[in-house]
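Summary of structural features
Each chain is listed here by its residues.
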Protein chains: 2
Amino acid sequence: MTRERLTLFDTTLRDGQQTQGVQFSTPEKVEIAQMLDGIGIDYIEGGWPGANPTDSEFFSNVPRTSATMTAFGMTKRAGRSAENDDVLAAVLNANTPAVCLVGKTHDFHVETALGISLEENLENIEKSFQHIAAQNRETLFDAEHFFDGYKSNPDYALSCIHAAYGAGALIVLCDTNGGTLPAEISEIVGKVIDSGIPGARLGIHTHNDTENAVAGSLAAVDAGVRHIQGTLNGLGERCGNANLTSIIPTLLLKEPYKSRYAIGVKQENLTRLTYASRKLDDILNRVPNKHAAYVGVSAFAHKAGLHASAILKDPTTYEHIDPAIVGNTRIIPMSNQAGQSNLRKRLAEMGLKDIDSNALPRILDVIKQREDDGYSYDTAQASFELLARRELGLLPKYFEVKRYKVTVERRKNKYDKMISLSEAVVVVKVGEDKMLSVSESLDETGSDRGPVNALSKALAKDLGPYSALIEDMRLVDFKVRITQGGTEAVTRVIIDSADKQGRRWSTVGVSPNIVDASFEALLDAINWKLVQEGANVT
Amino acid sequence: MTRERLTLFDTTLRDGQQTQGVQFSTPEKVEIAQMLDGIGIDYIEGGWPGANPTDSEFFSNVPRTSATMTAFGMTKRAGRSAENDDVLAAVLNANTPAVCLVGKTHDFHVETALGISLEENLENIEKSFQHIAAQNRETLFDAEHFFDGYKSNPDYALSCIHAAYGAGALIVLCDTNGGTLPAEISEIVGKVIDSGIPGARLGIHTHNDTENAVAGSLAAVDAGVRHIQGTLNGLGERCGNANLTSIIPTLLLKEPYKSRYAIGVKQENLTRLTYASRKLDDILNRVPNKHAAYVGVSAFAHKAGLHASAILKDPTTYEHIDPAIVGNTRIIPMSNQAGQSNLRKRLAEMGLKDIDSNALPRILDVIKQREDDGYSYDTAQASFELLARRELGLLPKYFEVKRYKVTVERRKNKYDKMISLSEAVVVVKVGEDKMLSVSESLDETGSDRGPVNALSKALAKDLGPYSALIEDMRLVDFKVRITQGGTEAVTRVIIDSADKQGRRWSTVGVSPNIVDASFEALLDAINWKLVQEGANVT
């Protein structure tokens, strides 16, 4: 049996940007687009060209993708031609192969929000799509408030989508306010198909205001639509959009979807899903939802005693899929046998084999204690490795930091302009030698990069024989989070480092003092690099 | 038309406790039970008496509730009579009016996890329920893995639930591994009803492993079940249980449920839902999910410019329900997508009315520019207000910071222990007076709280006549993220402040230097407070 093709349309960079507190930079947008492309999404909606500087800049530097890059906009305004609508022109000027325009289909909105006649709105839709189709672009119509509109005035709602369909657009039925339940979505999709628009030219766009966005999308597919819009991690205004991170594995792994439909995401790329989900949170500096379907840290965590012991006999007893398929991992309480065999596996991966069994529970205890204090070893793999090596007596003491001092100053310069400057002094003992180093925080352009920058430079400046070994490493990212350590709020800093040999590693530091926390993560970064280089202790 | 009664069963205190990282104390269990009772839940499952000390203690001090208090346990083990099963005896000894027992219905689990014959399992179910019913208790059977069991061996799965049904139990169909999709739940519920168990004696218990737990519960109701199990906030093992916080308002407010069914939750108690949801997170010391359906802080937040301006005309344009019905509130944040009408409303809310229309685009331009530089005014409303006042010439210059200097030092103390200490000097000009203040970062316990703490204390220490006005303010939260400002990575700091009059406000600062960014946010926090206090310029 040939499987019908479903297309996936990601709007993380457009509707996802409507999330409260989310503001992507252009480089972040590029990075996310590339990640979506790597998963196998069919359409990437990059933003609204002309609506804000970031979106415009993104389209000026749009990354090459296999996915169809799509610009978002709205149907032309009343009282001018499509050719003379500057908002529409800005969208077209982005020169994307596909354009998605939102437009009204709910009589109440046409009259209340737009304040134009129903006829004028129909004309706006038709003329807009005719204008774009004339330029040989692929077109999609986001039929705003379609379900509410259909309930209010079915004939008018249908005439709006037929106007766009007649002009060649793929029709995306949007439940803009998120209040329509799956059964009703299914029923109304059926009516739309009965009206003469085939499922192959229909899409669904749901919101999670009743926690049914994923189910609503699936119900629409069951009823015949062949195009699904959503976002990574369900990002989006209010309660978010339909979560592609949940929809994708469901379509690939679950019946009846698995047998009936083909999607652009290959099974082997599904393993990137967990990484992509966490990477997005990372970019947004959000704490990932531990309980997220498929990709959450706890999605395959088995706490109940009965469950955990059954899992050891056969994982299918309490798991609906193998976590590895989506790039996730099983978690079994540290205290039991399985926790230890997991740890042994992780140690073997870093080349630490033939470990004394007695050391394993001790390492697990230290991890638990430190996680209680606010450390997190999920991403800070290099710090985890150093911790294990330290417990196993396999971490050389390359150098010792005797003390440091950082000064941050803000004052007027001789031109009466406020400037700031940081300076760091670090005193290190390497073998019997004591080294004093000082650095300031100015970059090549003379701008102050802050105290952590100064401290990092001072620390790396003179480590005796080790300096040559760490010369090629650089700090590539720096994340700060306030978290709970015991009963106090503490600062957790995660530093990503890289070297010229292509290594990239993450380290963690925790302290109520942000400079101290950063310093701890910096020290781990250098020590890990020295281990990799096989440095000899002086 | 008489509405059929649906019953709601809350298992936050039992299945919810299986959540990774969740461990309720007995007083917390009592508090949560009372909160659930206040909402109008029908059954409260308090835990498993005998399984752990907290659960046993809870049942010894069980609060009086209108809800039916329920003890959880499992069907008797093979090789002994129900009367002689000590685990079952402990459950009965809790003396609750209702008892819910979990038991196997999936042949694979009977043989693999229990290692007993299919016949023995059937007998365990039947005898257990006969034993409890003889004591005049209401009984429920959590039919574990029922949907997977039905797919594997429908006859056997049905014979298990009929054994319990025959002995008087209400049958709860559990999708224990969370992998069954709503359409399949609906289909299998239909088969169960066809087998002779009426919907009035059937319940549903779903998990959120595909993000469909709420939809699965609704699908089961559509197919005929009349009892729903779930938890507050969807707490529960792995991805959680069906979220009653989403299901309850849907049943009360949405068709077809609203007209067809009655539930124990009264409309007037629905306003407690948002409070209950956040209170549970409070007890668990979790950050509430901002995007939770109905009750999230962002559930009625309108960021997109088009949405925000329509909301101002009529809230039903972009809201599926009135937030007040569930005790939630609407938020219209500032962002670079906000239109002028949104801005005008925000200004009016801060008491800035009759604004010159020419000023609006200028303020929006400044916001856009600053958001490009890395600022974010979504949450930092107080900084937004200061920005607008500055542009409108309505911000007095209370004081001027001439310079500051912060030192962070880490060294050994006289006991050879590494300690850290920060010290800040701030020089401020108030009117013609120059004030020098110095503070260090130690808290009452002598622990170092870092450079921002020292700087904050030094800045507030002496502001001349203003000191008295800001005396009651304190820093309650501090968030840091690295973001892109133009082409450079910068640090964005958001500070939440509060005062004794119950005000709470957020301010933002941005700089490549984290101390500078923090200082800017601190300055805004103080200036905003001075505006509120109506301070006079010296």
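Residues numbered from 1 in each chain as written. Chains lettered and ligands numbered in written order. Predicted model: local features only at pLDDT ≥ 70, side-chain atom pairs only at ≥ 80, totals over all residues.

**Comments concerning the overall build of chain A**
Selection criterion: Put simply, DSSP marks the helices as runs of H or I at least four residues long and the strands as runs of E at least two long, and each gets a number from the N terminus on. Field definition: a residue is buried when 20 or more other C-beta atoms are found within 10 Å of its C-beta, exposed when 12 or fewer are, and partly exposed for counts in between, with C-beta atoms placed from the backbone. Any pair of residues counts as being in contact when their C-beta atoms, constructed from backbone geometry, are within 7 Å of one another.
Summing up its helical and strand segments, chain A has 19 helices and 16 strands in all. Each principal axis of the C-alpha distribution contributes one length, and for chain A these read about 85 × 75 × 40 Å. Taken over 538 residues, chain A has a buried fraction of 51%. If you take every contact in chain A between residues at least 6 apart in sequence, the share linking residues at least 24 apart comes to 67%.

**Some thoughts on helix H1 (residues 26–39) of chain A**
Residues and elements named next belong to chain A. Short version of the rule: For a helix, the expected span equals 1.5 Å multiplied by the residue count minus one. Taken from the helix axis, the directions to the C-beta atoms give the arc we talk about.
Compared with the 20 Å implied by 1.5 Å per residue over 14 residues, the 20 Å span of H1 between its first and last C-alpha is a close match. Of all the residues in H1, the buried ones are Thr-26, Lys-29, Ile-32, Ala-33, Leu-36 and Ile-39. End-on view of H1: buried residues confined to an arc of 135°, all on one side of the axis. Those residues of H1 that are buried lie in contact with strand E2 (7–10), strand E3 (43–47), helix H2 (53–60) and helix H12 (273–284).

**Section: the UniProt feature "domain: Pyruvate carboxyltransferase" (unreviewed entry) in chain A**
To keep it simple, the criterion reads: UniProt positions are given in the numbering used here, feature names are shortened, and annotations may be inferred rather than shown by experiment.
Per the UniProt record, "domain: Pyruvate carboxyltransferase" (unreviewed entry) is found at residues 6–271 of chain A. Each end of residues 6–271 of chain A is marked by a C-alpha atom, and these two atoms are 20 Å apart; helix forms 42% of the span and strand 17%.

**Concerning unusual backbone geometry**
Cis peptide bonds are those with omega within 30 degrees of zero, and the linkage from Glu-255 of chain A to Pro-256 of chain A qualifies with 5°. Along the polypeptide, Pro-256 of chain A turns up in the loop between helix H10 (244–253) and helix H11 (257–260). A positive phi angle is found at Asn-136 of chain B, which is not glycine, with a value near 60°. Relative to the elements of secondary structure, Asn-136 of chain B occurs in the loop between helix H5 (118–133) and strand E6 (138–144).

**A look at the environment of Ser-117 of chain A**
All names here are of chain A. Tracing the chain through its elements places Ser-117 in the loop between helix H4 (107–114) and helix H5 (118–133). The class for Ser-117 is exposed, based on 12 C-beta atoms found within 10 Å. Separated by 39 residues in the primary sequence, Ser-117 and Ala-78 have C-alpha atoms spaced 9.4 Å apart.

**Here we look at H5 of chain B**
Residue and element names in this part refer to chain B. Over its 16 residues, H5 runs 23 Å from end to end, which matches the ideal 22 Å to within 8%, given 1.5 Å per residue. By the burial criterion, the buried members of H5 are Asn-121, Leu-122, Asn-124, Ile-125, Glu-126, Lys-127, Ser-128, Phe-129, His-131 and Ile-132. Buried residues along H5 sit against helix H3 (86–92), strand E5 (98–104), helix H4 (107–114), E6 and helix H7 (154–166).

**Description of the interface of chain B and chain A**
Applicable threshold: Only Asp, Glu, Lys and Arg are considered charged in this grouping, and only Ala, Val, Leu, Ile, Met, Phe, Trp, Tyr, Cys and Pro are considered nonpolar; every other residue, Gly among them, is considered polar. We treat two strands as partners when DSSP finds at least two bridges between them.
Taken together, the contact pairs 88 residues of chain B with 84 residues of chain A. Its residues assigned to classes, the side of chain B that touches chain A comprises 29 nonpolar, 33 polar and 26 charged. As defined by bridge partners, strand E11 (residues 400–412) of chain A adjoins strand E11 (residues 400–412) of chain B across seven bridges and the pair is classed as antiparallel. Counted as the bridge partner of Val-406 of chain A is Val-408 of chain B from E11 of chain B.

**Observations regarding the sheet that holds strand E12 (residues 418–430) of chain B**
The condition that has to hold: Between N-to-C directions, angles span 0 to 180 degrees; the directions come from axes that are lines fitted to C-alpha atoms, helices contributing only their stretch in contact.
Ordered by their spatial adjacency, six strands build an open sheet running E13(A)-E12(A)-E11(A)-E11(B)-E12(B)-E13(B), and the pairing between neighbours is antiparallel. Looking at which strands have only one partner, the edges of the open sheet turn out to be strand E13 (433–440) of chain A together with strand E13 (433–440) of chain B. Across the sheet, the axes of successive neighbouring strands diverge by a mean angle of 10°, strand direction being ignored. In this sheet, strand E12 (residues 418–430) of chain A lies alongside E11 of chain A in antiparallel orientation, the contact comprising 12 bridges. For Glu-400 of chain A, the partnering residue across the bridge sits in E12 of chain A and is Lys-429 of chain A. Each of E11, E12 and E13 of chain A together with E11 of chain B touches helix H17 (residues 451–461) of chain A; the most contacted strand, E12 of chain A, lies at about 30° to it.

**What about the pairing of E12 of chain A?**
From the end of E11 of chain A to the start of E12 of chain A, which pair antiparallel, there are five residues, and Asp-416 of chain A there has a positive phi angle of about 65°. Following E12 of chain A, the chain reverses through two residues before pairing antiparallel with E13 of chain A; Gly-431 of chain A in that reversal takes a positive phi of roughly 60°.

**Description of the sheet that holds strand E7 (residues 170–174) of chain B**
Residues and elements named next belong to chain B. Taken together, eight strands build a closed barrel; the order of strands is E2-E3-E4-E5-E6-E7-E8-E9 and the barrel is parallel. Averaged over neighbouring strand pairs, the angle between their axes works out to 25° when direction is ignored. Taken together, the four bridges between strand E2 (residues 7–10) and strand E9 (residues 227–230) define a ladder with parallel strand orientation. Paired with Leu-8 across the strands is Ile-228, a residue of E9.

**Let's talk about the confidence of the model for chain A**
Condition: pLDDT measures the predictor's confidence residue by residue and takes values from 0 up to 100.
In the predicted model, chain A carries a mean pLDDT of 91, and 96% of its residues have values of at least 70. Scored as a whole, the predicted complex attains pTM 0.76, and scored at its interfaces, ipTM 0.76.

**Observations concerning the packing of helix H17 (residues 451–461) of chain B against helix H19 (residues 514–532) of chain B**
All names here are of chain B. Inclusion rule: Take the far helix as your reference; a near helix turned counterclockwise from it by less than a right angle gives a left-handed crossing, and one turned clockwise gives a right-handed crossing.
Relative orientation of the contacting elements H17 and H19 amounts to 35°, with a least axis distance of 10 Å. Every pair of crossing elements has a handedness; the one defined by H17 and H19 is right-handed. Packed against H17, whose contacting residues are Pro-451, Val-452, Leu-455, Ser-456 and Leu-459, the element H19 presents Val-515, Ser-518, Phe-519 and Leu-522 at the interface. Of the residues assigned to the contact of H17 with H19, the class counts are seven nonpolar, two polar and no charged.

**Some details on the nonpolar core**
This is how the line gets drawn: Remark: nonpolar core denotes a set of buried Ala, Val, Leu, Ile, Met, Phe, Trp, Tyr and Cys residues whose joining runs through C-beta atoms within 7 Å.
Counting residues in hydrophobic clusters, the biggest one holds 192 residues, and the most contacted among them are Ile-171 and Leu-173 of chain A together with Ile-171 and Leu-173 of chain B. Residues in contact with Ile-171 of chain A, not counting those within four places in the same chain, are Phe-141, Ala-143, Ile-161, Ala-164, Tyr-165, Ile-197, Arg-201, Leu-202 and Gly-203 of chain A. Counting residues in hydrophobic clusters, the runner-up holds 96 residues, among them Tyr-404, Val-452, Tyr-466 and Val-515 of chain B.

**So, the domain arrangement of chain A**
For clarity, the cut-off: Residue ranges assigned to each domain were obtained from an automatic or database domain assignment.
One can read the domain layout of chain A as domain 1 (4–265) and domain 2 (400–532). Here the C-alpha centroids of domain 1 of chain A and domain 2 of chain A sit 46 Å apart.

**Some points on the environment of Asn-61 of chain B**
All names here are of chain B. Inspection of the secondary structure assignment puts Asn-61 in the loop between helix H2 (53–60) and strand E4 (68–74). For the pair Asn-61 and Thr-26, spaced 35 residues apart in sequence, the C-alpha to C-alpha distance is 8.7 Å. Here Asn-61 is in contact with Thr-26 and Val-30, once residues within four sequence places are set aside.

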